[in-house]
Amino acid sequence: MRYREFLRKKIGNRFPENVPVPSGFQIVGHVALLQLHDGLGEFAQLIAEVTMEFDHRIRSVAVKTDPTTGIMRKPGYRLVAGDSNTVTEHVEGGVVFRLDPLRLTFSAGNVAERMRLSNIIERDEMIVDMFACVGQFSLHIAKKTRSRVVAIEINPEAHRFLVENIKLNGVEDRMQALLGDCRKIHPVNEANRVILGYLHNTFEYLPYALKSLRKDGGYVHLHAALPKRDIPEAGNTINTIALEQGFDTEFSVREVKHYSPGIEHYVFDIHATPIRTW
Ligand SMILES: C[S@@+](CC[C@H](N)C(=O)[O-])C[C@H]1O[C@@H](n2cnc3c(N)ncnc32)[C@H](O)[C@@H]1O
């Protein structure tokens, strides 16, 4: 039975009229994350308890209370039912992620992009992940490709989980976690691929990503949230920044997910080559 029908069956006509009953939730390990319409606030506890009955994996249920904020992308959730220990282990494509989803973002909408990226990377690459969080991109890559990955994270709490996750996934021999601002501590002239998995002013970080690339160039995967009509302008910005760093660029763009009204989350796959001097 589908979740919405299950809720209707269990809570039935106690739901107010004209307020949409939730159609689903995100599950991260044993934690279910729910987004409720305003009119359902007083039903949060009841919905949470019924949600735990719906799926035996769920032991904690939290409801979104506030938007995700700050450079560390702190999500706004309130635990409404179940186990107050929300540190959990989430398995995705054979990779284990230990994290607290009430304190760190773990986007369900990016799963396909995490898989795609780890599938196009070959063995023995050298990759810098400049916004690593708990290893969403890096761990898939390190585990599947045996490439070397330097993962940079500014939030000490996310960095602690990142360090644990490297051990949990047995990739200590090829993955390293650095704590700090990626603009200051990125490797220089070393990578053949850099990931900029961050959606706020990402273009400001592109010069540092290009400094991380080897002199003979490579790829940068730059994520950005923008209206479709702004893609050509974003392309011009990429070219201008790359020229300043000594690279010519070609790029293709893919939509990762819907972000907000009129705005999509895109990834620019940028191929950077040294500017020809003849
Ligand atoms: C929204 S998460 C994205 C994680 C992952 N890249 C993904 O796309 O799923 C962005 C992460 O970048 C980190 N961050 C923000 N500014 C940073 C900086 N200047 N240097 C390193 N990490 C940074 C945040 O703390 C957060 O953990």
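### Quick look at the domain arrangement of the chain
At step 1: Segmenting the chain into domains produces domain 1 (3-86) and domain 2 (105-274).
At step 2: The gap between the C-alpha centroids of domain 1 and domain 2 is 31 Å.
At step 3: Counting residues at the interface gives 6 residues for domain 1, matched by 9 residues for domain 2.
At step 4: Of the roughly 680 Å² buried between domain 1 and domain 2, counting both surfaces, carbon and sulfur atoms make up 63%.
At step 5: At the boundary of domain 1 and domain 2, one finds 0 salt bridges.

### Section: the site of the ligand
At step 1: In the vicinity of the ligand there are 19 residues, among which F131, E153, D181, C182 and G197 approach most closely.
At step 2: Here F131 contributes a backbone N or O atom positioned 2.7 Å from a nitrogen atom of the ligand.
At step 3: Within the backbone of G197, a nitrogen or oxygen atom sits 2.9 Å from a nitrogen atom of the ligand.
At step 4: Considered on its own, the ligand offers 600 Å² of accessible surface; in the complex 94% of this is hidden by protein.
At step 5: Each residue belonging to the shell around the ligand can be placed in one class, and the counts come to 10 nonpolar, 6 polar and 3 charged.
At step 6: Domain assignment of the residues forming the shell around the ligand places at least three in each of domain 1 (3-86) and domain 2 (105-274).

### Section: the pattern of salt bridges
At step 1: Applying the stated criterion across every chain, the model contains 13 salt bridges.
At step 2: Between E53 and K10 there is a salt bridge; the shortest N-O distance is 2.9 Å. With E53 in helix 2 (residues 44-54) and K10 in helix 1 (residues 3-11), this pair connects stretches of sequence that are 43 residues apart.
At step 3: Look at E53 and you get partly exposed, because its relative accessible area is 49%.

### A word on the sheet that holds strand 7 (residues 126-129)
In any sheet, the strands associate via hydrogen bonds between backbone groups, in a parallel or an antiparallel arrangement.
At step 1: Here 7 strands make up an open sheet; going across it, the order is 9-8-7-10-11-13-12 and the pairing mixed. Of all the strands in the sheet, the pair left with one neighbour each is strand 9 (175-179) and strand 12 (247-260). Going across the sheet, the axis of each strand differs from the next one's by a mean of 15 degrees, ignoring polarity.
At step 2: Here strand 10 (residues 193-196) pairs with strand 11 (residues 218-226) via 4 bridges, running parallel. Residue pairing for strand 11: L196 is matched across the bridge by L222.

### Here we look at the sheet that holds strand 4 (residues 74-82)
At step 1: Here 4 strands make up an open sheet; going across it, the order is 1-2-3-4 and the pairing mixed. Only two strands of the sheet have a single neighbouring strand rather than two, namely strand 1 (26-28) and strand 4. Averaged over neighbouring strand pairs, the angle between their axes works out to 35 degrees when direction is ignored.
At step 2: Across the sheet, helix 2 is in contact with strand 2 (31-34), strand 3 (60-69) and strand 4; its angle to strand 4 comes to roughly 75 degrees.

### A short note on the state of the cysteines
At step 1: Applying the stated rule across the entire model yields 0 disulfides.
At step 2: Free cysteine C133: the closest other cysteine sulfur is in C182, separated by 13 Å.
At step 3: With relative accessibility at 13%, the residue C133 sits in the buried group.

### A few points about the packing of aromatic side chains
At step 1: Under the counting rule described, the total for this entry stands at 10 aromatic pairs.
At step 2: Their ring planes at 65 degrees and their centres at 5.1 Å tell us that F97 and F106 sit as a pair that is edge-to-face.
At step 3: Aromatic pair F203 and F268: ring centres 6.2 Å apart, planes at 70 degrees, arrangement edge-to-face. Highlighted residues: F203 in the loop between strand 10 and helix 7 (206-212) and F268 in strand 13 (residues 263-274), separated in sequence by 65 residues. No difference in accessibility class separates F203 from F268, as the two residues are buried.
At step 4: Through pairs of rings, three or more aromatic residues link up here, namely Y3, F6, F25 and F54.
At step 5: Between the NZ or CZ atom of K64 and the centre of the ring of Y77, over which it lies, the distance is 5.3 Å.
At step 6: The ring of F106 carries the charged tip of R114 above its face, separated from the ring centre by 4.7 Å.

### Re the packing of helix 3 (residues 111-120) against helix 4 (residues 138-145)
At step 1: At their nearest, the axes of helix 3 and helix 4 sit 9 Å apart, and the two run at 35 degrees to each other. As helix 3 runs across helix 4, the sense of the crossing is right-handed. Contact residues: R114, M115, L117 and S118 in helix 3; H140, I141, K144 and T145 in helix 4.
At step 2: Class assignment of the residues belonging to the contact of helix 3 with helix 4 gives a composition of 3 nonpolar, 3 polar and 2 charged.

Conventions adopted
Residues numbered from 1 in each chain as written. Predicted model: local features only at pLDDT ≥ 70, side-chain atom pairs only at ≥ 80, totals over all residues. Heavy atoms only, no water. Domains from an automatic or database assignment. Contact = heavy atoms within 4.5 Å. Buried area = accessible area lost by both parts, 1.4 Å probe. Salt bridge = Lys/Arg side-chain N within 4 Å of Asp/Glu carboxyl O. Near = heavy atom within 4 Å. Polar contact = N/O pair within 3.5 Å; in protein donor to acceptor, adjacent residues only side chain to side chain. Areas by Shrake-Rupley, 256 points an atom, 1.4 Å probe, with all protein chains shown as cover. Nonpolar A, V, L, I, M, F, W, Y, C, P; charged D, E, K, R; others polar. Helix = DSSP H or I, 4+ residues; strand = E, 2+ residues; numbered from the N terminus. Buried < 20%, exposed > 50% of the residue type's maximum accessible area, 1.4 Å probe, protein only. Pairing = 2+ DSSP bridges. Axes fitted to C-alpha atoms, helices over the stretch in contact; angles between N-to-C directions. Disulfide = S-S within 2.5 Å. Phe/Tyr/Trp six-rings, centres within 6.5 Å; stacked < 30°, edge-to-face > 60°. Lys NZ or Arg CZ within 6 Å of the ring centre and 35° of its normal. Left-handed = near helix turned anticlockwise from the far one by under 90°.

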